[in-house]
Amino acid sequence: MIRQLTLGLAGIFLLAGCGIFSVPLTQQATALPTFTPAVQDATVTQIPALGGKTSGSLLVWIFSDPNPPIRGDNTFEAFVADANGQPMTDAAISFDINMTNMNHGKNVVAASSLGNGRYRGVVHFLMPGPWRVIVGIERGGQTNAVRFDFMVNW
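Okay, so let's go over this structure. (Residues numbered from 1 in each chain as written. Predicted model: local features only at pLDDT ≥ 70, side-chain atom pairs only at ≥ 80, totals over all residues. Heavy atoms only, no water.)

## Side note on unusual backbone geometry
Point 1. Between aspartate 65 and the following residue, proline 66, the backbone shows a cis peptide bond with an omega angle of 10°.
Point 2. In this model, asparagine 67 is joined to proline 68 through a cis peptide bond whose omega is 5°.
Point 3. Along the chain, proline 68 falls in the loop between β2 (58-65) and β3 (72-82).
Point 4. Even without being a glycine, asparagine 116 presents a positive backbone phi close to 55°. (Helix = DSSP H or I, 4+ residues; strand = E, 2+ residues; numbered from the N terminus.)

## Here's the deal with the pattern of salt bridges
Point 1. In this structure the tally under the stated criterion is five salt bridges.
Point 2. Because the salt bridges share partners, they merge into one network encompassing Glu77, Arg118 and Arg120. (Salt bridge = Lys/Arg side-chain N within 4 Å of Asp/Glu carboxyl O.)

## A word on the side chain of asparagine 98
Point 1. Among the structural elements, asparagine 98 can be located in strand β4 (residues 92-99).
Point 2. A distance of 2.8 Å separates the side chain of asparagine 98 from the side chain of asparagine 103, its partner in a polar contact.
Point 3. Among the polar contacts listed, one links the side chain of asparagine 98 to the backbone nitrogen of histidine 104, at a separation of 2.9 Å.
Point 4. Setting aside chain neighbours within four positions, we find asparagine 98 in contact with Asn103, His104, Gly105, Trp131 and Arg132. (Polar contact = N/O pair within 3.5 Å; in protein donor to acceptor, adjacent residues only side chain to side chain. Contact = heavy atoms within 4.5 Å.)

In short, geometric facts, not functional conclusions.
Structure (structure tokens):
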């Protein structure tokens, strides 16, 4: 019984770390932002976040269309807000992608501002497996980098 409970809790923590569960980052963040897919489909109302993290006084969520990400082109979106949940509209955002188990070299994509704290760019994954995206945030002469790890599917 104890072993089953331990394994069950370990599974929950593993899933939480992989971004399967979406948990508000702070008490002040009222709702997880929605991601509008690049290709509209009447059955899709919201794409769940790949993950959300804090970096200093920033809150950062990332989204992928498709979700989970696949080999090839994927539309990535970041939502960046301050500690009070207010969207950050005056930042330069980039997505730096690389595999976690082998180096594919520098691959940085500048994201375009969509307004209201949302930034979008198209990234290309060469193969399935464990990947990392580093969301680079430049604002007012300061830089932040927020790392997200996830699996890319076929």
